[in-house]
Amino acid sequence: MPATAVTRARVAPRGCGSARTQGDIYLEFALHLLDPAALMACLVDPPIPFDQRLWGVPSIGVRTFPDLDGVTHLVDVVGQDAYPETLDFLTEALRLGISRKIPGDFAFDELTPQSTVRLIHARALVTNHAHFSVCPDFSCPVGHQAGEACFHTLHHATPRDEDGTRTTPSGRYPLRSEAPGVTPQYTMANFLTVPVSHLVLVRHPDPAVNQRQLERLRHARIPVVLADA
Ligand SMILES: [Zn+2]
């Protein structure tokens, strides 16, 4: 086990459940500690449509792909059961950082410090964005105007409670004005791309399980942390 200092995501109630499973492996990224400029570099704006069938990704899950330089990246489809709306996931990630469970049969030896995770959500891109040109409080840090294809249209399109907020396991968050009479249309898209900074193995009470999992992580070229949560 390399003694590497990493910046952990926070352990707290999440949409995907309050407890991480003992003996499972998680990929983490401390999105909650980024400054606004670094955060903007991770946000994919406008989100890039993603054809799930073409990519052969299950409805919830990850797969890898190599880029032209031979670096392995992941695509990770965020489940709508845990995160019905894209902003539910992003808001939690801004509060707690990102923590994603990686399936047991994953090829960890393909991960390098250059690897990234492309996060996908079924409702990440508002396709009838032109109808949102009427929203007076629209704003986008990269300069998109109201009505253009833009990640931030989600702040106007996302369903909300009567008081204009949504409730998630990590707390409430506010939304912006709605476009009266408009039913938002969405498509699945890549909305966030983050580095793979480190992996976490959540300690199992049976040392043999930890040993077996650490063996599988032995050839990962990024830091591995054994943690109690
Ligand atoms: Zn924008």
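Just so it is clear, the structure is predicted and the values come from calculations on it, not from any experiment.

Each value, and the rule that gives it
Residues numbered from 1 in each chain as written. Predicted model: local features only at pLDDT ≥ 70, side-chain atom pairs only at ≥ 80, totals over all residues. Pairing = 2+ DSSP bridges. Helix = DSSP H or I, 4+ residues; strand = E, 2+ residues; numbered from the N terminus. Core = buried A, V, L, I, M, F, W, Y, C linked by C-beta atoms within 7 Å. Buried ≥ 20, exposed ≤ 12 C-beta atoms within 10 Å, placed from the backbone. Contact = placed C-beta atoms within 7 Å. Axes fitted to C-alpha atoms, helices over the stretch in contact; angles between N-to-C directions.

1. Some remarks on the pairing of strand E8 (residues 171-174)
Inference 1: Two elements, strand E7 (residues 165-168) and E8, share four bridges in a ladder whose sense is antiparallel. Each residue of the ladder has a partner; that of Thr-168, found in E8, is Gly-171.
Inference 2: Linking two consecutive strands that pair antiparallel, namely E7 and E8, is a turn of two residues.

2. A short note on the nonpolar core
As a rule of thumb, nonpolar side chains are buried together in soluble globular proteins.
Inference 1: Within the largest apolar cluster, 47 residues are counted, with the highest numbers of intra-cluster contacts made by Ile-120, Phe-132 and Leu-199.
Inference 2: Take this core: its biggest share by element is seven residues, from strand E6 (residues 116-126).
Inference 3: Dropping the residues within four chain positions of it, Leu-199 is found in contact with Ile-25, Tyr-26, Leu-27, Leu-217, Ala-220, Ile-222 and Val-224.

3. A short note on the sheet that holds strand E2 (residues 43-49)
Inference 1: Overall, mixed pairing links the five strands, which are arranged E2-E9-E6-E4-E3 in an open sheet. Each having just a single partner strand, E2 and strand E3 (61-66) make up the two edges of the open sheet. Direction aside, the axes of adjacent strands within the sheet are offset by 35° on average.
Inference 2: In this sheet, strand E9 (residues 186-195) lies alongside E6 in antiparallel orientation, the contact comprising eight bridges.

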